[in-house]
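Summary of structural features
One letter stands for each residue in the lines below.
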Amino acid sequence: MRAAVFVEPGKIQLQEKRIPDVGPNDALLKVTTTTICGTDVHILKGEYPVERGLTIGHEPVGVIHRLGSGVKGYQEGQRVIAGAITPSGWSNACLCGKCSQDGAGTKHGWRPMGGWRFGNTIDGCQAEYVLVPDALANLAPVPDALTDEQVLMCPDIMSTGFSGAESGEVRIGDTVAVFAQGPIGLCATAGARLMGATTLIAVDRVPERLAIAKRLGATHVVDFSKVNPVEEIMRLTDGRGCDVAIEALGTQTTFESALRVLRPGGTLSSLGVYSTDLKIPYDAFSAGLGDHKIVTTLCPGGKERMRRLMEVIASGRADLTAMVTHRFSLDRIEEAYDLFSHQRDGVLKVALTP
């Protein structure tokens, strides 16, 4: 099969690889649609380490090609998705509801980011086939009425973005600011609206992204290239600040800005992947006495999470298809990475079809 393989920092290349063998608890999917994530770009740049020769990608939509002997309740030929996070379902972390930190097989049952396996610790989805481990915990059937592109965001960015609002405990009537309106931030904006935010402020500098943010529920947009976003948000809130600020980029600047717009007792919900140490400013943190809460979240996974997200799509409560701005065949994967990593031509998400 053909697969997009991490060769070395700066190089992901399409190569021929052997189709994986199927163990008793596995399912082999024939990938019909997948995409490129910002985390894949971190891998490409060498900012996040993975083994050379690993197939990249963690967002599969596909058809069951072969089932392991222990996988019941599914059929070959069935359309499914699997989350970017593929928990075992039985580790201590999973049984505590923290599937993303799954430590199956470890002494204490916990491992930081252990649920993220595709394109991290096992071969991923930017290929013609992908092996899904612990299939009973991870395969979610796709309703016939939904297209591949409608559910393409569910495995990662929709799950991650929505979790930013969930972890921030957004409540009805809240004021929420979302810093950065890339794919994750746009999904966080949509999730905050669904959870009841009534003043919803989207921060970015790309007009097209700010326009989509408004379509997804933002009541105000702030172009940080034209105004100081902290000052503007404090103006919009009449000096009160936000109940929840969601950081969706992973930089010191956006993290600090999110902290500075919080009201006392507010929550900073951090989704960004950080490449350097973070510093917490003394004044913004009220010397540690402001009753602030800082929470971090890794994309929730598993089949029940996927089912719920597809229910949101099917109900019409969120339409994320506008985020697919470009389409490529797997043969053009290197071209797709070049476009996506350099953020040219208004790209948000690409759809890859083997």
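Description of the structure in this document. For every chain, the first residue of its written sequence is number 1, and the numbers climb from 1 along that sequence. Given that the model is predicted, a residue must reach a pLDDT of at least 70 before its local features are reported, and side-chain atom pairs must reach 80 or more before they are shown or counted; all residues, however, enter totals for whole chains, interfaces and linings. The side-chain values count all of the structure's non-hydrogen atoms but skip hydrogen atoms and water molecules.

1. Overview of the pattern of salt bridges
We count a salt bridge whenever a side-chain nitrogen from Lys or Arg sits within 4 Å of a carboxyl oxygen from Asp or Glu. Applying the stated rule across the entire model yields 19 salt bridges. For E149, the salt bridge identified is with R327, shortest N-O distance 2.8 Å. Of this pair, E149 sits in helix 4 (residues 148-151) while R327 sits in strand 14 (residues 324-329); the two residues are 178 residues apart in sequence, bridging distant segments of the chain. Burial status follows relative accessibility: with a 1.4 Å probe on protein chains alone, a residue under 20% of its type maximum counts as buried, one over 50% as exposed, and anything between as partly exposed. Among the residues examined, R327 registers a relative accessible area of 48% and is labelled partly exposed. The shortest N-O distance in the salt bridge between R305 and E166 comes to 2.9 Å. Of this pair, R305 sits in helix 10 (residues 303-315) while E166 sits in helix 5 (residues 154-167); the two residues are 139 residues apart in sequence, bridging distant segments of the chain. Judged by its relative accessible area of 15%, R305 is buried. Overall, the relative accessible area of 36% leaves E166 in the partly exposed class. Here the salt bridges share partners, and the residues they tie into one network are R2, E128 and D331. Only DSSP runs of H or I reaching four residues or more are called helices, and only runs of E reaching two or more are called strands; each is numbered from the N terminus.

2. Some points on the layout of surface pockets
The distinction between a cavity and a pocket rests on a 1 Å grid over the protein atoms alone: a 1.4 Å probe fits inside a cavity but cannot get out, while a pocket stays open yet meets protein on both sides within 12 Å along at least five of seven lines, and a residue with an atom within 4 Å of a point counts as lining. Grid points are joined across faces, edges and corners, and a volume is the space filled by probe spheres set on the points. Here the second largest pocket is characterised by a volume of approximately 330 Å³. Lining the second largest pocket we find 14 residues, and of these G97, K98, T297, L298 and P300 sit closest to its centre. The leading source of residues in the lining of the second largest pocket is helix 5, at three residues. Here the nonpolar group is Ala, Val, Leu, Ile, Met, Phe, Trp, Tyr, Cys and Pro; Asp, Glu, Lys and Arg are the charged ones; every other residue, Gly included, is treated as polar. Looking at the lining of the second largest pocket residue by residue, the classes come out as three nonpolar, eight polar and three charged.

3. Details of the packing of helix 5 against helix 10
Note on method: axes are straight lines fitted to C-alpha atoms, helices fitted across the in-contact stretch only, with angles between N-to-C directions ranging 0 to 180 degrees. In the contact formed by helix 5 and helix 10, the axes pass within 10 Å of each other and the chain directions differ by 85°. The angle between the axes of helix 5 and helix 10 places the two elements in the roughly perpendicular class. Between helix 5 and helix 10, the contacting residues are C154, P155, M158, S159, F162, S163 and E166 on the first element and R305, M306, L309, M310, V312 and I313 on the second. Taken together, the residues of the contact of helix 5 with helix 10 sort by class into nine nonpolar, two polar and two charged. Oblique is the label for any angle not covered by the other classes, which are roughly parallel (under 35 degrees), roughly antiparallel (over 145) and roughly perpendicular (65 to 115). Residue contacts are defined here by distance: any two heavy atoms, one from each residue, within 4.5 Å place the two residues in contact.

4. Section: unusual backbone geometry
Phi is positive for D238, close to 55°, though the residue is something other than glycine. Here D238 lies in the loop between helix 8 (229-236) and strand 11 (242-247). Taking relative accessible area as the criterion, D238 reaches 73% and is therefore assigned exposed. Positioned with a positive phi, D345 is a non-glycine residue whose angle comes to about 55°. Looking at the element boundaries, D345 is found in the loop between helix 11 (333-341) and strand 15 (349-353).

5. Some thoughts on the environment of G196
Mapped onto the secondary structure, G196 falls in the loop between helix 6 (183-194) and strand 9 (199-204). The class for G196 is buried, based on a relative accessible area of 15%. Along the primary structure G196 and R171 are separated by 25 residues, whereas in three dimensions their C-alpha atoms are 5.6 Å apart. With near-sequence residues (within four places) excluded, G196 lies in contact with R171, I172, G173 and D174.

6. Some words on the packing of helix 5 against helix 6
For the pair helix 5 and helix 6, interaxial distance at closest approach is 7 Å and the crossing angle is 50°. On the basis of the axis angle, helix 5 is oblique to helix 6. In this structure, helix 5 meets helix 6 at a crossing whose hand is right-handed. Residues I157, M158, T160, G161, F162 and A165 of helix 5 pack against P183, I184, C187, A188, A190, G191, A192 and L194 of helix 6. Taken together, the residues of the contact of helix 5 with helix 6 break down into eleven nonpolar, three polar and no charged. Each crossing gets its hand from how the near helix is turned against the far one by less than a right angle, where anticlockwise is left-handed and clockwise is right-handed.

7. Looking at helix 11
Within helix 11 the residues assigned to the buried category are I333, A336, Y337, L339, F340 and S341. In the core, the buried residues of helix 11 are packed alongside strand 1 (2-8), strand 2 (11-16), helix 1 (38-44), strand 14 and strand 15. Where helix 11 ends, the next residue or the one after it, Q343, has phi of about 50°, a positive value.

No statement about biological role is implied by the geometric values presented.
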